[in-house]
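Survey of secondary and tertiary structure
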Amino acid sequence: DQQVKQNSPSLSVQEGRISILNCDYTNSMFDYFLWYKKYPAEGPTFLISISSIKDKNEDGRFTVFLNKSAKHLSLHIVPSQPGDSAVYFCAASGGKLIFGQGTELSVKP
Amino acid sequence: DVKVTQSSRYLVKRTGEKVFLECVQDMDHENMFWYRQDPGLGLRLIYFSYDVKMKEKGDIPEGYSVSREKKERFSLILESASTNQTSMYLCASSFQAAPYLTDTQYFGPGTRLTVL
């Protein structure tokens, strides 16, 4: 039973445009959400997080939005750059981290 | 900077072999974790430890065991490797003490294990 889902395995975006990565969850008790970025042959690195008491958190080009009623979060990257090409995992915390399946973002020059 | 290191980047073993994957972190973190990453399944938690000599099962512990004799080191053991354990294994650590395990986790580079 997948409690955290990323339904798009891949996303392709033109450089300079907005990338939107989506994540859905089922457990309303999750209180903290994170996004990780993973390059091939490297471990995931923390990107940005949001507490369940907020609906938006911004860090430079990265913004995470949380819609608790829809149990949905999204990561916006504006503007997208080729170096953003990686696999992005969302994770939800309810005692331990539960990860989604990942979305592979490709940003084309 | 937090550093999490894993003993091998690539490993090839035969079915039935005993396999040890080692992980070391240098930031005095309380918690350490072992995940496996498989296409379409994301990261799945195998075991974690929130203190020396303490261990807890994650979501997929079958076929694995762990050892944490020192705070900085967390080992994953495959008692008798099988082909379905071919995967990318990722170790992580985090600071915040139990029972809160929500702190940001820092990952090692991963070990790509192939079981033939």
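What this report covers is the structure whose coordinates are included nearby. (Residues numbered from 1 in each chain as written. Chains lettered and ligands numbered in written order. Predicted model: local features only at pLDDT ≥ 70, side-chain atom pairs only at ≥ 80, totals over all residues. Heavy atoms only, no water.)

What about the environment of Trp34 of chain B?
Residue and element names in this part refer to chain B. With respect to the helices and strands, Trp34 occurs in strand 4 (residues 31-38). Separated by 56 residues in the primary sequence, Trp34 and Leu90 place their C-alpha atoms 5.8 Å from one another. At a separation of 3.3 Å, a polar atom in the side chain of Trp34 contacts the main-chain carbonyl oxygen of Phe74. (Helix = DSSP H or I, 4+ residues; strand = E, 2+ residues; numbered from the N terminus. Polar contact = N/O pair within 3.5 Å; in protein donor to acceptor, adjacent residues only side chain to side chain.)

Side note on the environment of Tyr35 of chain B
Mapped onto the elements, Tyr35 of chain B comes out in strand 4. With relative accessibility at 1%, the residue Tyr35 of chain B sits in the buried group. Each C-alpha atom of the pair Tyr35 of chain B and Phe107 of chain B lies 9.8 Å from the other, and the pair is 72 residues apart in sequence. Apart from the residues within four sequence positions on either side, Tyr35 of chain B is in contact with Leu97 and Phe99 of chain A together with Leu43, Arg44, Leu45, Ile46, Met88, Tyr89, Leu90, Ala92, Gln105 and Phe107 of chain B. (Buried < 20%, exposed > 50% of the residue type's maximum accessible area, 1.4 Å probe, protein only. Contact = heavy atoms within 4.5 Å.)

Side note on the sheet that holds strand 3 (residues 19-25) of chain B
Residue and element names in this part refer to chain B. A sheet is described by the order of its strands in space; here 4 strands give the open sequence 1-3-8-7, paired in antiparallel fashion. Strands at the two margins of the open sheet, each flanked by one partner only, are strand 1 (4-6) and strand 7 (64-70). Each neighbouring strand pair of the sheet contributes to a mean axis angle of 20°, computed without reference to strand direction. As paired strands, strand 3 and strand 8 (residues 73-78) are joined by 6 bridges and run antiparallel to one another. Bridge pairing in strand 8 links Phe20 to Ile77. (Pairing = 2+ DSSP bridges. Axes fitted to C-alpha atoms, helices over the stretch in contact; angles between N-to-C directions.)

Remarks on the interface of chain B and chain A
Each partner contributes to the interface: chain B provides 19 residues, whereas chain A provides 18 residues. Buried surface at the junction of chain B and chain A, both sides included, amounts to about 1,500 Å², of which 58% is carbon and sulfur. The interface formed by chain B and chain A includes 0 salt bridges. Applying the counting criterion to the chain B and chain A interface returns 3 residue pairs in polar contact (both at pLDDT 80 or more). Put simply, the parts of the chain that give the side of chain B that touches chain A at least two residues each are strand 4 and strand 5 (42-49) of chain B. Here the element with the most residues in the side of chain B that touches chain A is strand 5 of chain B; it accounts for 3 residues. (Buried area = accessible area lost by both parts, 1.4 Å probe. Salt bridge = Lys/Arg side-chain N within 4 Å of Asp/Glu carboxyl O.)

Overview of the side chain of Gln105 of chain B
With respect to the helices and strands, Gln105 of chain B occurs in the loop between strand 9 (87-94) and strand 10 (106-107). Of note is the side chain of Gln105 of chain B, whose polar atom sits 2.8 Å from the side chain of Tyr35 of chain B. Those residues in contact with Gln105 of chain B that sit more than four places away from it in its chain are Tyr36 and Leu97 of chain A together with Phe33, Tyr35, Ala92, Ser93 and Ser94 of chain B.

Notes on the state of the cysteines
Applying the stated criterion to the full structure yields 2 disulfides over all chains. Bridging Cys23 of chain A to Cys90 of chain A, the disulfide has an S-S length of 1.9 Å. Here the disulfide of Cys23 of chain A and Cys90 of chain A is right-handed, its torsion about the S-S bond being about 65°. With Cys23 of chain A in strand 3 (residues 19-25) and Cys90 of chain A in strand 9 (residues 86-93), this pair connects stretches of sequence that are 67 residues apart. As far as burial versus exposure is concerned, Cys23 of chain A and Cys90 of chain A are alike and both buried. Between Cys23 of chain B and Cys91 of chain B runs a disulfide, and the two sulfur atoms are separated by 1.9 Å. Around the S-S axis, the bridge from Cys23 of chain B to Cys91 of chain B shows a dihedral of about -75° and counts as left-handed. Of the two residues, Cys23 of chain B sits in strand 3 while Cys91 of chain B sits in strand 9, which places them 68 residues apart along the sequence. Accessibility classification places Cys23 of chain B together with Cys91 of chain B in one group, the buried group. (Disulfide = S-S within 2.5 Å.)

What is shown is where atoms sit, not what they do.
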